[in-house]
Amino acid sequence: KAEEARLAEEAAAHAAREKAKAKAAAEEARKAEAERLAAEAKAAEEAAAENRRLAAVEAARKAEEARLAEEAAAHAAREKAKAKAAAEEARKAEAERLAAEAKAAEEAAAENRRLAAEEASRKAEETRLAEEAAAHMAKEKAKAKAAAEEARKAEVERLAAQAKVEEEDRRLGAERAARKAEEKAKRRQRREEQKQKRRDEENATHCIEEEEAKGKEREVQHQRTLAEQLHEEGTKTKVDQEFEIQSKKDEVQRHWNAEAAMHHKELEEQRQKEQTDAKHHLELDIQQGNDELQCRQELEAKREVEASLHMEGAQAKHRHKRVHNEELSTSNNLDAKRQKQETRELGAEHIQQEQHRTQQKVDMTERSSVQEVAAAATPVSSSCLGATAQTPASPLNPAAPQHFLAARAAKRLFVSCDEHPVTAGEYLLMEGGINGRPAWARTGAEKAYLYWTPRDGGHWIFAKEVAGQASEATPGLLLRSMQMAWSVLPEEVMQAKWSKATWGTRSAFSKVLVLRG
């Protein structure tokens, strides 16, 4: 029992010790948990404080960036306005302002109130400069609108000039039609004169035939008289004479009949030939009229295409200039912001130098951007008749188009013709020209020439030799244009209106491609 009591006491003591240990362990665990929670709370507070600090720093950075952007825009607008008013006074005022800002930076520690007042005044100045910048942007928009209006007016003037040229072409066509009508009237008059001449010849022939018939009747009467006398005499000699006379009469009659038939045949052949010539001339007139109409239509289509291409190119160029100016302005603003932030970090002493350098760069950028905008807004109207015109051409004088063609003539031409390879190749412009028109000579060993001849109203020809000035001769003719060309260049002649036929004849057409170099 004593042993059991001792063991029970030991068990109770052991249980008490275990309970104390468990309680101590629980207390240590609670303390550790409390320390952990305290550490986590502290870490959370530190993280929250860090986040608040970072948010404050980010907000301050954004506010600083916005303020720098506003300051850069306001500064650029203010400097531009001052440069327009008086550049020297603006620079002096800016130098004074920068000196005041440097002095204020040096005395910032002792003059907080004055700095606060200056800060308020600066904000007011920024507001005013922002308003000035908005007003300046409105003015720039008005200027751009005025430039667009001027461009539209220039386009209207170009279209009016083009309409005038087309009216001149129509007048020239009317003059050609009048000349053709006059030539037709002359040909009709010549035909009437020839008909009158033939009628006179026929009347004269009829009178001669009547006189011959009367002479024959008188001779027959005389022969009858002689026959009666011979019959009265009844001699054989008289009968023989009468037979001989009758034989001679028959022979003369046959001769007269043959001559009359031959003369009638000649008259008929001449009449048929005149009818054939008149029909041929009429066909040539119709063909020339159709060729001129087709050429005029092709020229009008070409001018429309060139005008549309020119307008598209001008619009694309204007868009490109505008995008470039916007990118340049954005980059300049970013550069100004970056430089201003660097100047603030460098210190008050370096502010003056950096701001002066920034001001010079902004002035140069604004000046270049203004020049580019003015150059982009200037309407281009001198080259609307085509991409090929490099210099202003002389006005067209229908009576003497030499200067008009000489001003538009290309220095170099390229000719392609599969049917006549001798005419293909590169042609260079000759000095002086031929027959008052530009002329080109083929390069290479085998010579060929492309020039204008006044023959048959004016045509462009390819020839192996060159004719003299003011000459209609065409030695060594290779090809000639079937289309009349009074005031057009060879590249403006229809491609399918060339032929190797000699003058006065017709043959199959050949396709010749003439391109400007």
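Conventions adopted
- Residues numbered from 1 in each chain as written.
- Predicted model: local features only at pLDDT ≥ 70, side-chain atom pairs only at ≥ 80, totals over all residues.
- Heavy atoms only, no water.
- Pairing = 2+ DSSP bridges.
- Helix = DSSP H or I, 4+ residues; strand = E, 2+ residues; numbered from the N terminus.
- Core = buried A, V, L, I, M, F, W, Y, C linked by side-chain atoms within 4.5 Å.
- Buried < 20%, exposed > 50% of the residue type's maximum accessible area, 1.4 Å probe, protein only.
- Contact = heavy atoms within 4.5 Å.
- Patch = residues over 30% accessible without salt bridge, like charges linked within 9 Å, V, L, I, M, F, W, Y side chains within 5 Å.
- Areas by Shrake-Rupley, 256 points an atom, 1.4 Å probe, with all protein chains shown as cover.
- Salt bridge = Lys/Arg side-chain N within 4 Å of Asp/Glu carboxyl O.
- Lys, Arg positive; Asp, Glu negative; His and termini not counted.
- Charge placed at Lys NZ, Arg CZ, Asp CG, Glu CD.
- Phe/Tyr/Trp six-rings, centres within 6.5 Å; stacked < 30°, edge-to-face > 60°.
- Lys NZ or Arg CZ within 6 Å of the ring centre and 35° of its normal.

## Regarding the sheet that holds strand E8 (residues 513–516)
Here's step 1: Read from one edge of the open sheet, 8 strands run E7-E6-E5-E4-E3-E2-E1-E8, paired in antiparallel fashion. The open sheet has two free edges, formed respectively by strand E7 (498–499) and E8, since each of these has just one partner strand.
Here's step 2: The sheet contact formed by strand E6 (residues 477–481) and E7 spans 2 bridges and is antiparallel. Bridging across to E7, arginine 480 finds its partner in serine 499.

## As for the nonpolar core
Soluble, globular proteins show a tendency: their nonpolar side chains are buried together.
Here's step 1: Among the nonpolar cores identified, the biggest contains 26 residues, and Tyr427, Trp440, Trp460, Phe462 and Val512 are the most heavily contacted of them.
Here's step 2: Among the secondary structure elements, those contributing two or more residues to this core are helix H3 (236–346), helix H5 (402–408), strand E1 (412–416), strand E4 (449–453), strand E5 (459–463) and E6.
Here's step 3: Beyond its immediate sequence surroundings of up to four residues, tyrosine 427 is in contact with Lys411, Arg412, Leu413, Val415, Trp440, Ala441, Arg442, Ala448, Tyr449, Leu450 and Phe462.
Here's step 4: Core analysis: the next-biggest nonpolar cluster, separate from the first, contains 9 residues, Ala441, Tyr451, Ala463 and Ala467 among them.

## With respect to unusual backbone geometry
Here's step 1: You will see that asparagine 435, though not glycine, has its phi angle at about 60 degrees, which is positive.
Here's step 2: Inspection of the secondary structure puts asparagine 435 in the loop between strand E2 (425–429) and strand E3 (440–442).
Here's step 3: Overall, asparagine 435 belongs to the buried group, its relative accessible area being 10%.
Here's step 4: In this structure, aspartate 456 is a non-glycine residue whose phi angle is positive, near 55 degrees.
Here's step 5: Secondary-structure assignment places aspartate 456 in the loop between E4 and E5.

## Quick word on a positive patch on the surface
Here's step 1: On the surface, a cluster of positive charge is contributed by Lys184, Arg188, Arg190, Arg191, Lys195 and Arg199.
Here's step 2: Mapped onto the elements of the fold, lysine 195 is located in helix H2 (residues 112–233).

## So, the packing of aromatic side chains
Here's step 1: The final tally for this structure, using the stated rule, is 4 aromatic pairs.
Here's step 2: Ring plane angle 50 degrees and centroid distance 6.0 Å describe the contact between tryptophan 440 and tryptophan 460, whose orientation is recorded as tilted. You can see tryptophan 440 sitting in strand E3 and its partner tryptophan 460 sitting in strand E5, a full 20 residues away along the chain. Per residue, the accessibility class of tryptophan 440 equals that of tryptophan 460, and both read buried.
Here's step 3: A centroid spacing of 5.3 Å and a plane angle of 55 degrees characterise the contact between phenylalanine 462 and tryptophan 498, whose relative ring orientation is tilted. Taken as a pair, phenylalanine 462 in strand E5 and tryptophan 498 in strand E7 lie far apart in primary sequence, 36 residues in all.
Here's step 4: One residue, arginine 437, lies across the ring of tryptophan 452, its end atom 4.0 Å from the ring centre.

## Topic: the pairing of E4
Here's step 1: For E4, a buried count of 5 out of 5 residues is recorded, marking the element as mostly surrounded by other parts of the structure.
Here's step 2: Along E4, one buried face is formed by Tyr449, Tyr451 and Thr453 and the opposite face, lined by Leu450 and Trp452, is buried too.
Here's step 3: As defined by bridge partners, E3 adjoins E4 across 2 bridges and the pair is classed as antiparallel. Bridged to alanine 441 within E4 is tyrosine 449.
Here's step 4: Between the antiparallel neighbours E3 and E4 lie 6 residues, among them glycine 444 with a positive phi of about 115 degrees.
Here's step 5: Sheet topology note: the E4/E5 ladder contains 5 bridges and is antiparallel.

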